[in-house]
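# Working through the structure, step by step
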Amino acid sequence: SRGFELQRRAGNFSKAAALERKAIRATAVEAEVEQWTADKLIDASEEFKAKALIKSREQYDEMYKRSVEDPDGFWSDIASEFHWEQKWDSSKPASSWNLDVRKGPIYVEWFKGGKTNIAYNAVDRHVKAGRGGETAILWEGNDVGRDRKLTFQQLQDEVCQVANYLRSIGVKKGDSVTIYMPMLAELPVTMLACMRIGAVHSVVFAGFSADSLAGRMMDSKPRVVLTCSAVRRGNKVIGLKEIVDKAADICSKQGFDVERVLVYDNENAISREKTPWKDGRDEWWQDRIPSFETESPVEWVDAEDPSFMLYTSGSTGKPKGVLHTTGGYMLGAATSFKYIFDYRPGDVYWCTADCGWITGHTYLTYGPLLNGASIVVFEGVPTYPDAGRCWEIVDKYQVTLFYTAPTAIRALQKSGNSFVTKYSRKSLRVLGSVGEPINPNAWRWYYEVVGDSRCPIVDTWWQTETGSILITPLPGAWPQKPGSATLPFFGVQPAVVDENGREQDGPCSGYLCMKAPPISLMRTLYGDQERYETAYFAPFKGFYFSGDGCRRDEDGYYWLTGRVDDVINVSGHRIGTAEVESALVSHSMCAEAAVVGYDHEIKGQGIYAFVTLMEGVDYSDDLRRQLVTTVRSEIGAFAAPDVIHWAPGLPKTRSGKIMRRILRKIAANQLDELGDTSTLAEPAVVDQLIELRGK
Ligand code: PRX
């Protein structure tokens, strides 16, 4: 917004005037939205509330009270609705934990000793209850007209076939399996097949590069990798098998050989002949899977046995393998889905997330299927063939519950209302948002245009680590405030602490922590209990620390204000600035890099990289492109920097610490808010950086 000041300083007066007009217009829009937001508490209609599972604040208050005063009783009642091959010992407490590093190792346990299986509960249980003919998966391909439907019976058959295949190649309970697949129906099928046999899946988002995939494989050492020849997303074809081969080569050089790769033949994207192949290691899904029996024994696992791992970025070091277990995760996923989306039989639910992220695990696959919901699995992107695709799909399948990310909402908003209003959308009942704070402007558009001012919006706050939603509206129970995730879900006990780790009362701002473990909280970081404790429990003793800042208002509503660590949130994807920096410095001409986030109209946050080159190397656009390409290949396209800012030097303290606060201000173009620069080792570098802005 302050671009005009820079232009004016540079003498570009007409450009400065145009930018200034734009800034004034933007401010006016924001002011209008703010007015609208301040005026409105948005409540569901009386009709909605009457039919909702949780109809009022009083009903919630009562359930919430029990969930925190008697968590064992609360969750035991819910657990009894699921199948347990062997019940937990109900003469003992259902849970035990320690979240205080001063009192010994951190641990969380729920229903230990009980034996169950998530895949059985998500699939077979419904078939056994006579619902095998009901729709489980509605698969919608990238290209209009390609679709497929699976009933719960068909889903069970396919899961069993893949489970039998996995067993046939020696995969056992506790073994790790890497899944690098696009959004085919076979992706949730494969996840469920792993769960059925007690294998621990590690889904790697199929947008990660070979290097990233290799890093995750080196960490978890999978028995097998399941992938796909290639995929079409929008107009692009991505050769996934080629990426897997590259990753396997990288692993091989580091002493780990992948024994087997199962490849789904996606002839819509590439032919078999053109797919790179390694005899003896690779096999085609279509040549192997159909020959297996459609029945397969269930591996009953302990409630505290691992269910899956999923890598996520932290503020330092390599991505962390978040490890979830079985009983608590299952109950957290199922219960939160049921109440937050106000699920009732017959609902058609669509979550636009990719299974490569936690949202695709908990709210595309496990949460809804545990409730017996019909889910839409969409292979494509919301803007292909045009920005109306989502609403076309909503009408086609009569979607009732829709869950997406603010970045998608903003992108669609920008494309114009006609793409939305062209479709009926009458089937919609609840709209959800996840992944980053939703700005009131996007909230309003989602509510008024997409939902015709009829559908409550659930702005759900949670994390890979928490496994399921922790702070959220319950759509029929209390009014929403645009931009606030509102109140804690059952059993969730947030604490807002100050920098000394003291819990604050009433309206306040601070660091968002949990004072009791949410039932689906991760149990450790794969192979690194020490990092688990230092990253999440050491910062504020006695609490789980989320890494987020937040404000609690006079109504007790929570407003998430973003990460307080060096993690940025780009289009709802979590990226560690350290990861991008290490990718940049892997380029031979890059001496040093410092990465910060900045406000981005569509992505929420963009990636802004300050780069210092090796002595004697000149700045050039070509080099800029090379640096971006390096990040794409080291991490993935979604982590590519939006801005490369040449930096002859970086602002450092005398002890050599980079002052990111100053870099954030320069990235945001808030040059008059740089603050005290006198403690810098070389204050002049700041002027140099300002000089090079936009060059
Ligand atoms: O900063 C918060 C933000 O996303 C982070 C978690 O990222 P990830 O583990 O990738 O999981 C994303 C999907 C749950 C959080 O620390 N975040 C997530 N949801 C919201 C949010 N920030 C504000 N409002 C939300 N609803």
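Per chain, residues are indexed from 1 in the order of the written sequence. Note on the predicted model: pLDDT of at least 70 is required for a residue's local features to be given, and 80 or more for side-chain atom pairs to be given and counted; whole-chain, interface and lining totals, by contrast, use all residues. Derived side-chain values reflect all non-hydrogen atoms in the structure, with water molecules and hydrogen atoms excluded from consideration.

Looking at an unreviewed UniProt entry, the chain carries the name Acetyl-coenzyme A synthetase, with the source organism given as Klebsormidium nitens. Word for word, the UniProt comment on the chain under Sequence similarities (unreviewed entry) is "Belongs to the ATP-dependent AMP-binding enzyme family." UniProt positions are given in the numbering used here, feature names are shortened, and annotations may be inferred rather than shown by experiment. The record held by UniProt for the chain lists under Catalytic activity (unreviewed entry) the comment "acetate + ATP + CoA = acetyl-CoA + AMP + diphosphate".

In this text, near means that some heavy atom of the residue lies within 4 Å of the molecule or strand in question. Taken together, 17 residues surround the ligand, and among them Asp459, Thr460, Thr464, Asp548 and Arg574 come closest. Identification of polar contacts relies on pairs of N or O atoms within 3.5 Å, with a donor-acceptor requirement for protein atoms, meaning one able to donate a hydrogen and the other able to accept it, and with residues adjacent in sequence counted only if both atoms are side-chain atoms. At a separation of 3.1 Å, a nitrogen atom of the ligand approaches a polar backbone atom of Gly435. Arg563 places a polar side-chain atom, nitrogen or oxygen, 2.9 Å from an oxygen atom of the ligand. Only the protein chains shown count as covering a residue, and every accessible area follows the Shrake-Rupley method with a 1.4 Å probe. Summarising the interface, the protein chains cover 96% of the accessible area of the ligand, which totals 540 Å² for the free molecule. For the shell around the ligand, the secondary structure elements donating two or more residues are α13 (358–370), β20 (457–460) and β27 (558–563). Amino acid classes used here: Ala, Val, Leu, Ile, Met, Phe, Trp, Tyr, Cys and Pro are nonpolar; Asp, Glu, Lys and Arg are charged; the rest, including Gly, are polar. Across the shell around the ligand, the residue classes tally to six nonpolar, six polar and five charged. Numbering of helices and strands runs from the N terminus, with a helix taken as a DSSP run of H or I at least four residues long and a strand as a DSSP run of E at least two residues long.

What follows covers the pairing of strand β32 (residues 643–646). Any two strands between which DSSP finds at least two bridges are classified as paired. The pairing of strand β31 (residues 604–613) with β32 spans four bridges and is parallel. Paired with Val611 across the bridge in β32 is Trp646. Traced from β31 through helix α20 (residues 621–634) to β32, the parallel crossover comes out right-handed. Crossovers are marked right-handed if the path from the first strand over the helix to the second runs clockwise, as seen with the strands pointing away from the viewer.

The UniProt record marks residues 130–524 with the feature "domain: AMP-dependent synthetase/ligase" (unreviewed entry), using the residue numbering of this structure. Between the C-alpha atoms that bound residues 130–524 there is a distance of 38 Å. The span itself is 31% helix and 23% strand.

Once that is clear, we can look at the environment of Tyr264. Topologically, Tyr264 is positioned in strand β11 (residues 260–264). Once the C-alpha coordinates of Tyr264 and Trp285 are considered, the two residues, 21 residues apart in sequence, prove to be 4.7 Å apart. For Tyr264, the residues in contact, after removing those within four places along its chain, are Met181, Leu184, Glu186, Thr227, Cys228, Ser229, Trp284, Trp285 and Gln286. Any two residues whose heavy atoms approach within 4.5 Å are treated as being in contact.

Most often, soluble globular proteins have nonpolar side chains that are buried together. Within the largest apolar cluster, 171 residues are counted, with the highest numbers of intra-cluster contacts made by Phe111, Leu155, Leu166, Phe341, Leu474 and Leu584. Ignoring anything within four residues of it in the chain, the contact list for Leu155 reads Val123, Ala136, Ile137, Leu150, Val189, Leu192 and Leu369. Note on terminology: a nonpolar core comprises buried Ala, Val, Leu, Ile, Met, Phe, Trp, Tyr and Cys residues joined through side-chain atoms within 4.5 Å. Type-normalised accessible area, obtained with a 1.4 Å probe on protein chains alone, sets the label of each residue: buried when under 20%, exposed when over 50%, and partly exposed for intermediate values. If you look at the next biggest cluster of nonpolar residues, it comprises 30 residues, including Ile42, Tyr423, Leu431 and Ile457.

Bringing the UniProt feature "domain: AMP-binding enzyme C-terminal" (unreviewed entry) in the chain into the picture now. UniProt records the feature "domain: AMP-binding enzyme C-terminal" (unreviewed entry) at residues 579–657, using the numbering of this structure. Here residues 579–657 runs as 27% helix and 32% strand, with 17 Å between its end C-alpha atoms.

The next point concerns the packing of aromatic side chains. Only Phe, Tyr and Trp rings take part, Trp by its six-membered ring, and two of them pair if their centres are within 6.5 Å. Stacked means planes under 30 degrees apart, edge-to-face means over 60, and tilted covers everything else. Scanning the model with the defined rule gives 47 aromatic pairs in all. Seen from their ring centres, Tyr329 and Tyr366 are 6.1 Å apart, and the 85° between their planes marks the pair as edge-to-face. Taken together, the positions of Tyr329 in helix α12 (residues 327–340) and Tyr366 in helix α13 put the pair 37 residues apart, joining distant regions of the chain. Accessibility classification places Tyr329 together with Tyr366 in one group, the buried group. Each ring, one from Tyr363 and one from Trp462, has its centre 5.0 Å from the other, and the planes form 90°; the classification is edge-to-face. Here Tyr363, found in helix α13, pairs with Trp462, found in the loop between β20 and β21 (471–472); they are 99 residues apart in sequence, far enough to count as distant. Look at Tyr363 and you get buried, because its relative accessible area is 0%. What links up through ring pairs into an aromatic cluster is the set Tyr60, Tyr64, Phe74, Trp75, Tyr339, Trp478, Phe489 and Phe490. Seen from the ring of Tyr557, Lys481 lies directly overhead, with NZ or CZ sitting 4.6 Å from the centre. For a lysine, the NZ atom is tested; for an arginine, the CZ atom; a charge sits over a ring if that atom is within 6 Å of the ring centre and within 35 degrees of the ring normal.

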